[in-house]
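Geometric and topological summary
What follows is the residue order along each chain.
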Amino acid sequence: MHHLYLFLVWWHILGVTIWLGANFFLVLVLLPIAKKDTYRDFYPQLFADIVMRLRAVSWFVLSSVVISGVFLMMFRFGKVIVTWDFWRELYGETLFIKLCFVAAVFIGSFLHDFHWGPKAIALLQQNPEDAQTKKMRRISSYIGRIIFLFGLIVVFLAVKFVRGG
Ligand code: HEM
């Protein structure tokens, strides 16, 4: 049983690193290069292909992080639905706040990946210089950054929770 527990922790952390790492790579490496003048003509299609692929990877990885997280709770507490007293204690409170941020990441990602993002991409491919296109790109970009920031907060809360704070 202990090996299964270790495997799940490994899987959970691996998923988190892939999810956050992919976003770091997109923002810090891929997009700055794709935006160079050299690639100007290809940018709308290149961007669309990259983010659609990233969307599929992200949802697979995020889902596996949540599933492994539910099993980790079972290992730690023997059950998933814990009592109200549990959530009021310090450890429970940290985990509860973490799960609220996880929920925000999911809702934000859903809207970003399936509503604002695709809308911005469609506009970018039809009319790159239009004001509406720029607005949708700005909204998608801000929502993406907020989700990313929330992801970093979730990691901090997870570290705090595991170390008893
Ligand atoms: C975006 C989603 C999530 C992220 C980024 C995340 C991140 C992390 C990280 C980095 C750790 C390891 C902390 C450490 O060892 O120092 C961890 C552990 C843990 N996570 Fe998550 N997590 C997420 C979702 C969830 C969910 C949805 C649950 C529960 C339903 C969950 C439950 C747990 C538990 C119980 C541990 C402790 C494992 C142990 O050491 O026994 N996580 N999480």
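An account of the accompanying structure is given in this report. (Residues numbered from 1 in each chain as written. Predicted model: local features only at pLDDT ≥ 70, side-chain atom pairs only at ≥ 80, totals over all residues.)

**Focus: the site of the ligand**
Where we set the bar: To decide nearness, the C-beta atom of each residue is placed from the backbone, and the residue is near a molecule or strand if that atom lies within 6 Å of it. Strands here are runs of E lasting at least two residues and helices are runs of H or I lasting at least four, both read from the DSSP assignment and numbered beginning at the N terminus.
Looking at the ligand, there are 20 residues lining it, with Gly69, Leu72, Val154, Ala158 and Val162 nearest. Within the residue set of the shell around the ligand, elements represented by two or more residues are helix H1 (2-34), helix H2 (43-77), helix H4 (90-126) and helix H5 (131-162). Here the shell around the ligand takes 7 residues from H2, the largest share from any one element.

**Considering the packing of H4 against H5**
For any two helices packed against each other, one specifies the inter-axial angle together with the distance between the axes. This is how the line gets drawn: Axes here refer to lines fitted to C-alpha atoms; in helices the fit is confined to the stretch in contact. Angles between the N-to-C directions go from 0 to 180 degrees. Every angle not falling under 35 degrees, over 145, or within 65 to 115 is termed oblique; those three ranges are roughly parallel, roughly antiparallel and roughly perpendicular. Helix crossings fall into two classes, left-handed where the near helix is turned counterclockwise from the far one by less than a right angle and right-handed where it is turned clockwise. For this classification, the nonpolar set comprises Ala, Val, Leu, Ile, Met, Phe, Trp, Tyr, Cys and Pro, the charged set comprises Asp, Glu, Lys and Arg, and every other residue, Gly included, is treated as polar.
It is at 8 Å that the axes of H4 and H5 come closest, and there the two elements cross at 160 degrees. Here H5 runs roughly antiparallel to H4, going by the angle between their axes. Here H4 and H5 pass one another in a crossing that is left-handed. Taken together, the residues of the contact of H4 with H5 sort by class into 23 nonpolar, 10 polar and 4 charged.

**Topic: H2**
Cut-off, in case you're wondering: By this rule the span expected of a helix is its residue count minus one, scaled by 1.5 Å. With C-beta atoms placed from the backbone, a residue counts as buried when 20 or more other C-beta atoms lie within 10 Å of its own, as exposed when 12 or fewer do, and as partly exposed for counts between those limits. Any two residues are considered in contact once their C-beta atoms, placed from the backbone, lie within 7 Å.
For H2, built from 35 residues, the straight-helix expectation of 51 Å at 1.5 Å per residue is met to within 8% by its first-to-last C-alpha distance of 49 Å. Along H2, the residues that are buried comprise Phe47, Val51, Val65, Ser68 and Gly69. Tucked inside the fold, the buried residues of H2 contact H1 and H4. Positive phi appears at glycine 78, one or two residues downstream of H2, with a value of about 80 degrees.

**Some words on the environment of proline 118**
Here proline 118 lies in helix H4. Classification of proline 118 by C-beta neighbours within 10 Å gives partly exposed; the count is 17. Sequence-wise, proline 118 and serine 140 are 22 residues apart; in three dimensions their C-alpha atoms are separated by 9.3 Å.

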